[in-house]
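Structural description and commentary
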Amino acid sequence: MAMTTIEKINAGFALALAVVVLIGLVSYRAMTRSIDSAVAVAETHEVIGALNRVQALLNDAESAQHGYLITGTPEYLTRFESADALIVTELRRLRELRLADQEQTSRLARLGTLIAQRIALMRASIGAQQRDGVIDALENPACDNDPERRHEPRRRPMRRRPRRLDNVRQPP
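Since the structure is predicted, the reported quantities are computational estimates derived from the model, not experimental observations.

Thresholds, definitions, all that
Residues numbered from 1 in each chain as written. Predicted model: local features only at pLDDT ≥ 70, side-chain atom pairs only at ≥ 80, totals over all residues. Heavy atoms only, no water. Helix = DSSP H or I, 4+ residues; strand = E, 2+ residues; numbered from the N terminus. Buried < 20%, exposed > 50% of the residue type's maximum accessible area, 1.4 Å probe, protein only. Contact = heavy atoms within 4.5 Å. Areas by Shrake-Rupley, 256 points an atom, 1.4 Å probe, with all protein chains shown as cover. Salt bridge = Lys/Arg side-chain N within 4 Å of Asp/Glu carboxyl O. Axes fitted to C-alpha atoms, helices over the stretch in contact; angles between N-to-C directions. Parallel < 35°, antiparallel > 145°, perpendicular 65-115°, else oblique. Left-handed = near helix turned anticlockwise from the far one by under 90°. Nonpolar A, V, L, I, M, F, W, Y, C, P; charged D, E, K, R; others polar. Core = buried A, V, L, I, M, F, W, Y, C linked by side-chain atoms within 4.5 Å. Expected span 1.5 Å × (residues − 1). pLDDT = per-residue confidence, 0-100.

Below, the discussion takes up the overall build of the protein chain. Each helix and strand counted, the protein chain has three helices and zero strands in total. The N-to-C order of helical and strand elements in the protein chain reads α-α-α. Within the protein chain, the fraction of its 172 residues that count as buried is 23%. A sequence separation of at least 24 residues applies to 58% of the contacts in the protein chain between residues at least 6 apart. With the model as given, the accessible surface of the protein chain reaches about 13,200 Å², and the carbon-plus-sulfur share is 58%.

Quick look at the pattern of salt bridges now. Following the criterion strictly, the structure yields eight salt bridges and no others. Residue D60 pairs with R79 through a salt bridge whose shortest N-O separation is 2.7 Å. A residue pair is termed long-range when its members are at least 10 positions apart, and D60 in helix α1 (residues 5-71) and R79 in helix α2 (residues 74-96) qualify at 19 residues. Its salt-bridge partner being E90, residue R93 comes within 3.0 Å of it at the nearest N-O pair. Residue R93 and its partner E90 are both found in helix α2; the two are separated by three residues, about one turn of the helix. Overall, R93 belongs to the partly exposed group, its relative accessible area being 30%. Given a relative accessible area of 11%, E90 falls into the buried group. Overlapping salt bridges, with partners in common, bring together E46, R53, E90 and R93 in one network.

Moving on, we come to the packing of α1 against α2. For the pair α1 and α2, interaxial distance at closest approach is 8 Å and the crossing angle is 160°. Here α1 lies roughly antiparallel to α2, going by the angle between them. In this structure, the crossing between α1 and α2 has a hand that is left-handed. For the contact of α1 with α2, the class distribution of residues is 17 nonpolar, four polar and six charged.

By size, the foremost hydrophobic cluster in this structure holds 20 residues, and its most contacted members are F80, I87, L91, L94, I115 and I119. Of all elements in the fold, only α1, α2 and α3 (102-132) reach the threshold of two or more residues within this core. Broken down by element, the residue count for this core peaks at eight residues, all from α1. With residues near it in sequence (within four places) discarded, I119 still touches L58, A61, F80, D84 and I87.

Bringing the packing of α2 against α3 into the picture now. Their axes nearest at 11 Å, the elements α2 and α3 cross at an angle of 165°. What the angle tells us is that α2 and α3 run roughly antiparallel. For the element pair α2 and α3, the recorded crossing hand is left-handed. Residue-level contacts link L77, F80, E81, D84, I87, L91, L94 and R95 of α2 to L108, G112, I115, I119, M122, R123, I126 and Q130 of α3.

Here we come to α3. For α3, built from 31 residues, the straight-helix expectation of 45 Å at 1.5 Å per residue is met to within 8% by its first-to-last C-alpha distance of 45 Å. Taken residue by residue, α3 has L108, G112, I115, I119, M122, S125, I126, G127, A128 and Q129 as its buried positions. Contacts made by the buried residues of α3 are with α1 and α2.

The next thing to look at is the confidence of the model for the protein chain. Chain-level pLDDT for the protein chain is 81 on average; 75% of the residues reach the 70-or-more range. The element-level mean pLDDT for the protein chain is lowest in α3, coming to 89, with α1 highest at 93. For residues 135-145, every residue scores under 50 in pLDDT, and the model assigns this stretch 24 contacts once sequence neighbours within four places are set aside. Contacts for the low-pLDDT stretch residues 154-165, under 50 throughout, to residues beyond four places or in other chains number 18 contacts.

Below is the structure:
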């Protein structure tokens, strides 16, 4: 049976409509994937930024710790405590972010543990400085060969030589 002209026109329109609908569905799917990818990239940038802030704060805490150990100035303790509080806040913020998978979540938990251990070592050396006034936190020969203990502080007595005033030059 031969198709009439009207049937041919209707079939052509139906085929054209089906193609347009198919193109619309494919375009919609591609657009939603693109939006999902953009959201994932934005979240990744947010995580990277937070990790960079944690690293910078950890560096600031170490710098403040070293400054306190060298000078004994309380301002360095204030900087250390401030950096420690901000690290805790930043790590909490990282935990609240929706991480992509379980592996990232476990890595973040491990990072939190390592940072807590590092802060505890810094606190221990600060406590030793406050308690004993004897610390060299940068070298520890007893721990040099043990990678688990290489960041522990070295305690040694400070040698204070009396300053002889007769050897000091007086300005003319």
